[in-house]
Amino acid sequence: MRRARVPAAIGILAALGLLLFLLPLAGLIVRAPWSQTLAELTDPTTTTALGLSIFCSLSATAIALVLGVPLAMILARTRGTLRNILRALTTLPMVLPPVVGGVALLLAFGRRGLVGSLLYQWSGIQIPFTTAAAVMAETFVAMPFLVIAVEAGLRSLDQRYEEAARSLGAGYWRVFTRVTLPLLRPAIFSGAVLCWARALGEFGATITFAGNFPGRTQTVPIAVYLALETKPEAAITLSLILLVVSIAILVGLRDRWLGV
Amino acid sequence: MTLEAAVRIKRDGFRLDVTLSAAAGETVAVLGPNGAGKTTLLRALAGLEDMEGHVTLDGELLEDTSRGLHVPAERRHAGLVFQDHVLFPHLSVLENVAFGLRARGKPHASATARKWLDEAGLGDRTEALPRALSGGQAQRVALVRALVTEPKLLLLDEPLSSLDVSIRAEVRRELTRQLASFNGVRLLVTHDPLEAMALADRLVVLEHGEVVQSGKPEEVTARPRSRFVADLAGVNLLRGHAHGDHVTVAGDEALAAAGAGEGDVFALIHPRAVALYRTRPDGTPRNVWHGHVDGVDAYGDRVRVRVVGPVPLVAEVTRAAVQELGLSAGTDVWMVVKATEVSAYPA
C-alpha cells in the first residue's frame, strides 16, 4: 500500500505534541538521583506511602468490582430517561475536578455531612481523614472507568448466550456466574486495571476528603507532592515508581485488551 | 405428548398470530420467507419473548396470558437450537453439552455428556473449544447440547442454513437420523423449502405473521395457497373468482379453466403447460395472451421464461425453443394455456 504523503505542518505539530509528553518524562529520568534511589526506596516514608497506596488502590478496585459490575448491568440492560440520567451521574466523577469530588464527599460523609452526621450520632464513627476515607475517595474517582468498560462489554455481548443457558435450564445466578461473567472477563479485566491505575494516581479527592496523615492517608501521589518542598529526591524516586507502574499497565493492556 | 399453542405478538410494524399444534413423533416445519416471524415464534414457545395467548406442552400449561401465567424459559423442558448454534465460546464441547445436565442437577454430567458426544461421532472433539469446530460439527454439538437434557419439545431455528452448501446434504441426513430418535415434539422453522421438505412430516406455511397453509409437504405443494408456496413449488398461482368453466383473475382477465366451479378459487398453472409463440397461434386454445419477456433463467437444459402481460406467467421451455424463438428480455410473445391445464380449487 502506498500512502499519501503527510504534509510537513502535520508532522511538525505531531512532533510538538510528542515533545509535550516526552520532555517531562525525560526530565524525570535525567534528574533522578539514581545513586540515592535504593536508599529512597527503602526509606520508611516511601515504603509506608507505597504500601498504603497499593492497599487503598486495590481496595478501591475491589469495591468498584463488587458495586460497579451490577451498576453496569443495570445501565446496559435498561432504557429510558432515568437510565440516561443515572448513566451521566455515574460518569460524572470522570470529568469532575477531583478536589470538587473530595469536597462533595466531605459534605456527604463528613461529621456534619448528610450521611456522616447520622453515622456519627448512632455509632460515633467518623469517616473523613481515615484510611477508609482514602479508599472511598479513590473508589469515587476510579469506579466510572470500570463501569464504562463493563457496560460497553455487556452491550457488545450477544444476549443469546444467556438465552441459550436459560433454555438449558440455568437459573439467573447460574447464567450470571457461568456464562455472563466469563464472557465479560476481558471487559471486566481491562476496566479493573484502568480503575486501579486511576485509583493509584488519585490525589485531589483523597487529600481533600482523607487529608495527609503518613501511614493512614498519605498515598504516593500525596507524598510526592509534599516531598517536593522538603526532599525533592524522594519525590522524584516516588514519581519514577508511579511512572514504571503506569508504563507496565499500558504495555500489558495494549495488545491484549485495548485492541490498540 | 403434544404441543398446543396460540401465539400472538404485536410489535412496532410486526404482527404474529399463529395457532399451532404438534404431536410427539412428527417433525413439524414452519416454513416462510424471511421476516415472517418464524424465529420470534420459536423464541415465544421457548419462553424468551413477551406474547399473548397460551402454550401447553404435554398437558402442562407453560403460558396463559389470560391468567397471567408464564413459566420462565429455564423451567420449560424445551431444547432450543439456535440458527448459528450459540455454543458457549469459553467452554469446551464437553462442558457445553454438560451445561444443561449440571443446570438441572443431573448426576454424572460429564460422563453422560461424553456418552452422547461419542454416539454423535464427536468423541474426539470433547476438549475442543467451539471456535475450533467446523460448521457441521458445531451444528451437531448444538443439537446434542439440546437433546442431552431430554426435553419434551425440540425447537430448531434454521438448522442447516448457516452451513456450507457442500456439507448440507450430509448434515441433513445426520439430522434426520437424530430427529427420528428423539421422541418428543419436534418443531423446526426454516425459509428453505428443500430443508422443510426433507425434514418435515408436516408443513406450516407462515406469511406476514399468519399461517396461510398447513398439511403434508406433498399436499401443500400440490395445492399452493400463497405466492411463497407457489414459488417454492415452481408453479404459477393466480387468485380469482370462478363461474362455471372460467375464472376471473386480477385485471378482469378471464381465464378458461375446465370445471372451475363457483366462488373464490386458486388457479394453478404449471410452467410446462405454458406454450410460447412469436405470432398469434391458431387453433382451439382458449387462453391466449400477448405479453413481453421480462427475464430468462436457465436451469440445466430447461429454461424458465418470465412473461409480463395481462396475466403474468412463468413458462418452462427447452433451450432449443429459446434459441428458435429468439427469446430475451423485451421480446414480444404470445402465451397459450389449454383450459384443461388450469386446475382450480377453492381458496
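Calculation rules
- Residues numbered from 1 in each chain as written.
- Chains lettered and ligands numbered in written order.
- Predicted model: local features only at pLDDT ≥ 70, side-chain atom pairs only at ≥ 80, totals over all residues.
- Heavy atoms only, no water.
- pLDDT = per-residue confidence, 0-100.
- Helix = DSSP H or I, 4+ residues; strand = E, 2+ residues; numbered from the N terminus.
- Expected span 1.5 Å × (residues − 1).
- Bend = angle between axes of the 7 residues up to and from the residue.
- Contact = heavy atoms within 4.5 Å.
- Buried area = accessible area lost by both parts, 1.4 Å probe.
- Salt bridge = Lys/Arg side-chain N within 4 Å of Asp/Glu carboxyl O.
- Polar contact = N/O pair within 3.5 Å; in protein donor to acceptor, adjacent residues only side chain to side chain.
- Pairing = 2+ DSSP bridges.
- Axes fitted to C-alpha atoms, helices over the stretch in contact; angles between N-to-C directions.
- Buried < 20%, exposed > 50% of the residue type's maximum accessible area, 1.4 Å probe, protein only.
- Core = buried A, V, L, I, M, F, W, Y, C linked by side-chain atoms within 4.5 Å.
- 1 Å grid on protein atoms, 1.4 Å probe; cavity = no way out; pocket = protein on both sides within 12 Å on 5 of 7 lines; lining within 4 Å.
- Points joined across faces, edges and corners; volume = space filled by probe spheres on them.
- Nonpolar A, V, L, I, M, F, W, Y, C, P; charged D, E, K, R; others polar.
- Phe/Tyr/Trp six-rings, centres within 6.5 Å; stacked < 30°, edge-to-face > 60°.
- Lys NZ or Arg CZ within 6 Å of the ring centre and 35° of its normal.

Caption draft 1: Main features of the confidence of the model for chain B. All names here are of chain B. Chain-level pLDDT for chain B is 89 on average; 99% of the residues reach the 70-or-more range. Across chain B, element-level confidence peaks in helix α2 (residues 93-103) with a mean pLDDT of 97 and bottoms out in helix α8 (residues 227-233) with 79. With a pTM of 0.79, the predicted complex shows an ipTM of 0.80.

Caption draft 2: Region of the structure containing helix α7 (residues 131-156) of chain A. With 26 residues, α7 of chain A extends 37 Å from end C-alpha to end C-alpha; this agrees with the ideal 38 Å at 1.5 Å per step. Of all the bends in α7 of chain A, the largest measures some 40° and sits at alanine 142 of chain A, one to four residues before the proline proline 144 of chain A.

Caption draft 3: Inspection of the interface of chain B and chain A at higher detail. Opposite the 22 residues of chain B that make contact, chain A presents 16 residues. The contact between chain B and chain A buries some 1800 Å² in all, and 62% of this surface belongs to carbon and sulfur atoms. Three residues stand out in chain B for area buried against chain A, namely Glu74, His90 and Phe99 of chain B, and they jointly supply 30% of the buried area on that side. Inspection of the region where chain B meets chain A yields three salt bridges. Here glutamate 74 of chain B makes a salt bridge to arginine 166 of chain A, at a shortest N to O gap of 2.9 Å. Linking chain B to chain A there are four residue pairs in polar contact (both at pLDDT 80 or more).

Caption draft 4: A look at helix α4 (residues 135-147) of chain B. Its 13 residues place the ends of α4 of chain B 18 Å apart at the C-alpha level, agreeing with the 18 Å of an ideal helix rising 1.5 Å per residue. In this structure, the buried residues of α4 of chain B make contact with α8 (160-167) of chain A together with β7 (78-81), α2, α3 (109-119), β8 (153-157) and α5 (165-181) of chain B.

Caption draft 5: How the structure looks around the sheet that holds strand β19 (residues 342-346) of chain B. Residue and element names in this part refer to chain B. Taken together, three strands build an open sheet; the order of strands is β12-β13-β19 and the sheet is antiparallel. Edge positions in the open sheet fall to β12 (236-249) and β19, since each of these has one partner strand only. Between one strand axis and the next, the sheet turns through 45° on average, direction left out of account. Summarising the sheet, strand β13 (residues 253-269) and β19 pair through five bridges and their orientation is antiparallel. Considered in β19, the bridge of leucine 268 is made with serine 343.

Caption draft 6: Broad picture of the pairing of strand β17 (residues 313-318) of chain B. Residue and element names in this part refer to chain B. Here β17 lies mainly inside the structure; five of its six residues are buried. Relative to β17, strand β16 (residues 302-308) runs antiparallel, the two sharing six bridges. Among the inter-strand pairings, arginine 306 is bridged to a residue of β17, identified as valine 314. Between β16 and β17, which pair antiparallel in sequence order, lie four residues.

Caption draft 7: Looking closely at the nonpolar core. All names here are of chain B. Formed by 68 residues in total, the largest nonpolar core has its most connected members in Leu3, Val7, Leu45, Phe88, Leu155 and Leu187. In this structure, leucine 45 is in contact with Leu3, Ala5, Val7, Leu20, Val55, Arg76, Leu155 and Leu187, ignoring residues within four places of it in sequence. Leu101, Val148, Leu163 and Val220 belong to the second-largest nonpolar core, a separate cluster that totals 41 residues.

Caption draft 8: Quick look at empty space enclosed by the protein. This model, assessed by the stated rule, comprises one cavity of 30 Å³ or more. Of the volumes computed, that of the largest cavity is approximately 30 Å³. Around the largest cavity, the lining residues are Ser167 and Leu168 of chain A together with His77, Ala78, Gly79, Arg104, Ala146, Thr149 and Pro151 of chain B. Here the residues of the lining of the largest cavity are counted per class, giving four nonpolar, four polar and one charged.

Caption draft 9: Structural detail: the packing of aromatic side chains. This model, assessed by the stated rule, comprises seven aromatic pairs over all chains. Both rings, one in phenylalanine 203 of chain A and one in tyrosine 225 of chain A, keep their centres 5.2 Å apart while their planes meet at 55°; by these two values the pair is tilted. Pair noted here: phenylalanine 203 of chain A is in the loop between α9 (172-200) and α10 (204-209) and tyrosine 225 of chain A is in helix α11 (residues 220-230), with a separation of 22 residues, a long-range link. The structure contains a cluster of three or more aromatic residues connected by ring pairs, namely Tyr172, Trp173 and Phe176 of chain A. The positively charged end of arginine 216 of chain A is found above the aromatic ring belonging to phenylalanine 213 of chain A, 4.6 Å away from the centroid. Sitting over the face of the ring of phenylalanine 88 of chain B, arginine 145 of chain B holds its NZ or CZ atom 4.6 Å from the ring centroid.

Caption draft 10: Expanded view of the sheet that holds strand β18 (residues 332-337) of chain B. All names here are of chain B. The five strands are arranged β14-β18-β15-β16-β17 in an open sheet whose pairing can be described as antiparallel. Strand pairing shows two members of the sheet lacking a second neighbour, β14 (275-277) and β17, which therefore form its edges. Geometrically, the sheet is characterised by an average inter-axis angle of 45° between neighbouring strands, direction not taken into account. In this structure, strand β15 (residues 287-299) lies alongside β18, joined through six bridges in antiparallel fashion.

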